[in-house]
Structure formats: structure tokens, C-alpha cells
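# Residue-level structure breakdown
Read off the chains here:
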Amino acid sequence: MSTHNGQSNATPTASQIGTRVWSYAGVCRDDGLSYMAYVEQLTFLLFLKMSDELTKPPYNQPSRIPKGKDESGTFACDWPSLLKLDGAELYTHYRRLLTALSGQKGLLGVIFKEAECKIKDPAKLRRLILDLIDRERWLSLDLDVKGVIYEELLSRSAAESTGGAGQYFTPRPIIQAIVDVMRPTPDDTIVDPAAGTGGFLTMAYESVLARHGKEMDKDQKRRIREDLVLAQELVPETARLCAMNLYLHGITGGKDELSTPVISGKSSLDSPPEKLYSMVLANPPFGKKQSFKTVNEEGKLESDEDVVVRDDFWESTANKQLNFVQHIFNLLKVNGRAGVVLPDNVLFEGGPGQKIRNELMKQCDVHTLLRLPTGIFYKPGVKANVLFFDRKPPQEKPWTKKLWVYDLRTNKHFTLKQHPIQRDDFDEFVDLYKPGAIHRRKPTWSEDSPEGRWRCYDYDELLKRDKLSLDLFWIKDDSLEDSADLPDPDVLAAEIVEDLQDALEQFGGIAESLSESTVKSKGT
């Protein structure tokens, strides 16, 4: 449909706006701005523009953007203050504005924490403000559209840059499958202690609205906006992306301007939780060891393993994922539920790993394990799983009776670009999981059906395994038996690259440890 002057009056789709917004990334890329840095700058400007829209009809709200103050006096930090400047004046003012807003509290503080202007060309900054952000009425777009646009930007940033949002971005089909089996309700309180860009929490919120929205009244809808989810993210740059993502999905995290659904810049592992939750959804950071760097007497950096010692932990270890498993257990209320992405080492590592698995199976019903395929994460070489468990009240006998395992890894071949994983690749798993009716599960594996991907192990069987290993697989790997069954060359090449990069990372860690121990032994 067209207007009399030939211009279309159709509202642009999320994809059209997303494509236009992304096209500017190429312009900024020419100036050395990374994709993630571009999305970050976009976040600052988008928030200022939407805050300005809220001051106009039909909203007529007071401005949430305070004035800034420095040695030159007070100055406006709002959207109109950017529109009336150009050239070096615009660049200088934008930098002052970011510095002023970085010290605020609440959502403003999370979004602008440690903010700096990374667009060095004032002409490009002006173009971004006028041509891209200002021409759109962002609040007139519904939440779905705004959320989809921002998710698309985060996804593209993760896919295009290994140093970008990739390490903080869990592929959305995995999150969707996990949320589909966890089935959050309006009565839940959900936390992600390593939230990245907030994918688990936005999808959990959307799921509650989709499944329960029609029967919810205004108060219930307000409650889920304010209290359903909480994110914690250590890296301020990532926390701001998370905060904006939640904001664009309509998640406020509280009633007033000082509220925020995101805790930024604080490690989840530092201290026991102050509050308990009914659900944890998380993909804790990969990388086996925690370390902190110090400067020695010669002025050189030294790296020391950071063993986390907490009274509420079963074991003290420097293994980051094992610490997150213990932390997640402690975050859960009794009968609280968790769905957590974890690398293979958590399933088979001895010592502290064995003790932690043993305690987890005693104090929780560890009922489901999903073996994820390789080639689906932005960090190469990752072999990961999703572990589902429910915390239970204390008792003498172990709570885990049966562990159901779904193998989506053996003879499955995915790559990020040529053959990315889709939500429908999880259909069989979601169907067999039987959310809310675990007692009705039936295995697809049997002696007569050895290729079945859904198998049940009794707790007594698991106890007999070396180191209580949960690294369980049974399907014959076709590529080991018959070269004719090898995947396509491009898939095979991608898998080889991933394995090599993983091996290099492990060797690098060993070399670093050996180097440090050599230096220490010489120093004694």
C-alpha cells in the first residue's frame, strides 16, 4: 500500500530495521570499531532516544536522564542535546555526556557503566544519531519488534566476531529448547548467575507471557516485569547489553528508576547468595581454571590459580564450572529447578569433581542430561551438555533414582555457518522429556534398538562407574567404523579446526602452568 506521494506507509519489519541498523556496522567497521563495540554505542544512543520519546505524548513522563556536571558547569545529557550539535562540538559533548551518565544508579548506571565514545569520526557519529536512530519512533514499535531487532544485532555480532559477543552469547535454539522443557510460570523467580547478553531470561519471560498471558491480570503482568528474572554479569560491557536486551523486552526489574534486573561487575562466585530462587537457567563461562593476575617484585605479571573457598561449597577448587555447579545448587530454593549448560569435564573430572557430582546426586534429583553436539558454540572445540536437576529437602537416602540421557552428539554434525543448529533439531528431546510428567518417560534405546538416543541409567549403575563419571554414550560412532559415513568435507574441516583450537588452548594452559611453576621453583 502506498501514500499519494509514492512513499510506503507500511511499518518496517523487525528484519528490515535490523538489516538497516546492521548496515551501519560496516561503516563503523572501516574505522576499526568492532561489531560488539558498535552494538554498545548503539545501546547508548537507543536508550537516550527512547527516554526522550517517553517525555512526549502520549506518555508525557518526566525525563529520566539527569543533567551532567563538570568543571565547566551543568549541561544537558538528553537526546535533544545531541541533535543540535555537529562536528567536534558533538564529539566533545557526547564524551562528556557518557562520563556523566556512567556514575548513575539503577538501570542507567548499568547501561552507561564505564561508557566511552569509540566512534572517533564526528561525521559518522552525527550520521548514526540522525539517519539511523532519530528517524525511527522506537516506542511505537511493539516489544516483540524491538526485542527481535536487538537479539538479531547480538546474534550477528557473535557470529561475525570471535572476539565479540560470541563468548557471552548462547545460541538461541539451545535456550529455546531448555526453556521449553523447564516451562517457567508466573509464580517463578528465575536467576542467571552468568547472564551474558540475557538470552535465557528474555526467553523465559517471553515463554511465561506466551503460555500464561491470557489468564494473567494487570498486577500479575506487572509482577513478572518487575520480579520474574534477575541477571548477574561480571563484565560491565556485556552487562549493559544484557540490561538493554531485557529493557527492550519490557523487563524493568523493579518499580522505580533505581531498579535494575541486572547486577553488573560483581562475580557470582564471590559470596553465598543473599536470596534463593525457584529456577536457575545458565550457561556459565567456559574455560576450566579460574586465575587472577598479580604483579611480582620484578614488575612482571604472574597468574595464580584462584581457588574459591566458601562455607556453603562442598569442595574448594579452581575449576570455574565446578564452582558454578555448587553456586547454582545454593541459589535454589527447596524444590527449585535448574537447567545448566556445562562442559564435558564437569561430568568426568576426578577429585573435587567426583565429590561434587556425588553430593549433587544425593541432595538433588539429577534427572536429565542432554549431550549437545559439537560445532554449535561460538567458542570452538566446546563439548557441552545440559544438566537438569531439582533441589530437594535433606534426607538420608540420595534423591537421584534415575538419570535419563539424550545423545544429540553422536553422528550429528553442525557448523555455525553452513549447517547451524535449529530449534526443530531438539524436537524429539523436548517431546521425550515429558515436562511435568517425568514418570511417564519411555526410553527409545534398548538391546534391540541400540541407535535409540534416549536412555535411562539407574543410580546404582552410576555409582559403579569410575569416578562416578556421567560421561555416558552408547551409540556407535559411524565415522569411526566407515569412512563412507564421514560428514561433508566442509563440516569435517570445521570439526578438525575446532578440535585443533581446543587442543591448542589446553596445551597453552599446560605451558603457562609449567612456566609459572618453573619461575616459582627458581625463586625459592
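To keep things clear, this report deals only with the structure shown in the data block.

## Some words on helix H4 (residues 87-101)
For H4, which comprises 15 residues, the first-to-last C-alpha distance of 22 Å matches the rise-based estimate of 21 Å (1.5 Å per residue) to within 8%. Each element contacted by the buried residues of H4 is listed here: helix H2 (35-53), strand E2 (73-75), helix H3 (79-83), helix H5 (106-112) and helix H6 (122-134).

## Some details on the pattern of salt bridges
Inspection of every chain in the model, using the stated rule, returns 20 salt bridges. For Asp471, the salt bridge is made with Arg371, and the minimal N-O distance between the two is 3.4 Å. Taken together, the residues Asp471 in the loop between helix H16 (459-463) and helix H17 (478-481) and Arg371 in strand E10 (residues 364-371) connect sequence positions 100 residues apart. Each member of the pair Asp471 and Arg371 is classed as buried. Connected via shared salt-bridge partners are Glu40, Lys118 and Arg240.

## Points about the nonpolar core
A general tendency of soluble globular proteins is for nonpolar side chains to be buried together. The biggest cluster of nonpolar side chains holds 110 residues, and the ones touching the most others in it are Tyr38, Phe112 and Leu372. Ranked by residues supplied to this core, first place goes to H2 with 12 residues. Those residues in contact with Leu372, other than ones at most four positions away along the chain, are Ile174, Val341, Phe377, Ala384, Asn385, Val386, Leu408, Arg409 and Phe426. In terms of nonpolar packing, the next biggest core, distinct from the first, is built from 36 residues, Ala338, Cys364, Val405 and Leu462 among them.

## Looking at the sheet that holds strand E3 (residues 190-192)
Judged by pairing direction, the sheet is mixed, and its nine strands sit side by side in the order E5-E4-E3-E6-E9-E11-E10-E12-E13 without closing on themselves. Pairing within the sheet leaves two strands with one partner each, and these edge strands are strand E5 (262-264) and strand E13 (454-458). Strand after strand, the sheet turns through a mean of 15° between neighbouring axes, direction not considered. Relative to E5, strand E4 (residues 229-233) runs parallel, the two sharing three bridges. Directly across from Glu233, in E5, lies its bridge partner Ser264.

## Quick notes on the packing of aromatic side chains
Each pair of aromatic rings is reported with the distance of its centres and the angle of its planes. Following the criterion strictly, the structure yields 14 aromatic pairs and no others. Ring centres of Trp22 and Tyr38 lie 6.4 Å apart, and the angle between their planes is 75°; on these two criteria the pair is classed as edge-to-face. One end of the pair, Trp22, is in helix H1 (residues 14-29); the other, Tyr38, is in helix H2, with 16 residues separating them in the sequence. Accessibility expressed as a relative area gives 12% for Trp22, which makes it buried. Taking the relative accessible area as the measure of exposure, Tyr38 reaches 1% and is therefore buried. Ring centres of Phe47 and Phe112 lie 6.0 Å apart, and the angle between their planes is 75°; this geometry places the pair in the edge-to-face category. On the criterion of sequence distance, the pair formed by Phe47 in helix H2 and Phe112 in helix H5 is long-range, its members being 65 residues apart. Each member of the pair, Phe47 together with Phe112, is buried. By way of ring pairs, the aromatic residues Phe388, Trp404, Tyr406, Phe429, Tyr433 and Trp454 are connected into one cluster. Sitting over the ring of Trp399, Lys392 keeps its end group 5.7 Å from the ring centre.

## Examining the pairing of E10
Counted residue by residue, E10 has eight buried out of eight residues, so it is predominantly covered. Both E10 and strand E11 (residues 384-391) contribute to a ladder of seven bridges, which runs antiparallel. For Asp365, the partnering residue across the bridge sits in E11 and is Asp390. Bridging between E10 and strand E12 (residues 402-407) involves four bridges; their strand directions are parallel. Its bridge partner lying in E12, Leu369 is registered against Val405.

## Observations concerning the pairing of strand E9 (residues 332-343)
Direction of pairing for strand E6 (residues 277-282) relative to E9: parallel, over a ladder of five bridges. Opposite Tyr277, over in E9, you have Leu332 as the bridge partner. As paired elements, E9 and E11 share seven bridges and run antiparallel to each other. Its bridge partner being in E11, Pro343 is matched across the sheet by Ala384.

Parameters and conventions
- Residues numbered from 1 in each chain as written.
- Predicted model: local features only at pLDDT ≥ 70, side-chain atom pairs only at ≥ 80, totals over all residues.
- Heavy atoms only, no water.
- Helix = DSSP H or I, 4+ residues; strand = E, 2+ residues; numbered from the N terminus.
- Expected span 1.5 Å × (residues − 1).
- Contact = heavy atoms within 4.5 Å.
- Salt bridge = Lys/Arg side-chain N within 4 Å of Asp/Glu carboxyl O.
- Buried < 20%, exposed > 50% of the residue type's maximum accessible area, 1.4 Å probe, protein only.
- Core = buried A, V, L, I, M, F, W, Y, C linked by side-chain atoms within 4.5 Å.
- Pairing = 2+ DSSP bridges.
- Axes fitted to C-alpha atoms, helices over the stretch in contact; angles between N-to-C directions.
- Phe/Tyr/Trp six-rings, centres within 6.5 Å; stacked < 30°, edge-to-face > 60°.
- Lys NZ or Arg CZ within 6 Å of the ring centre and 35° of its normal.

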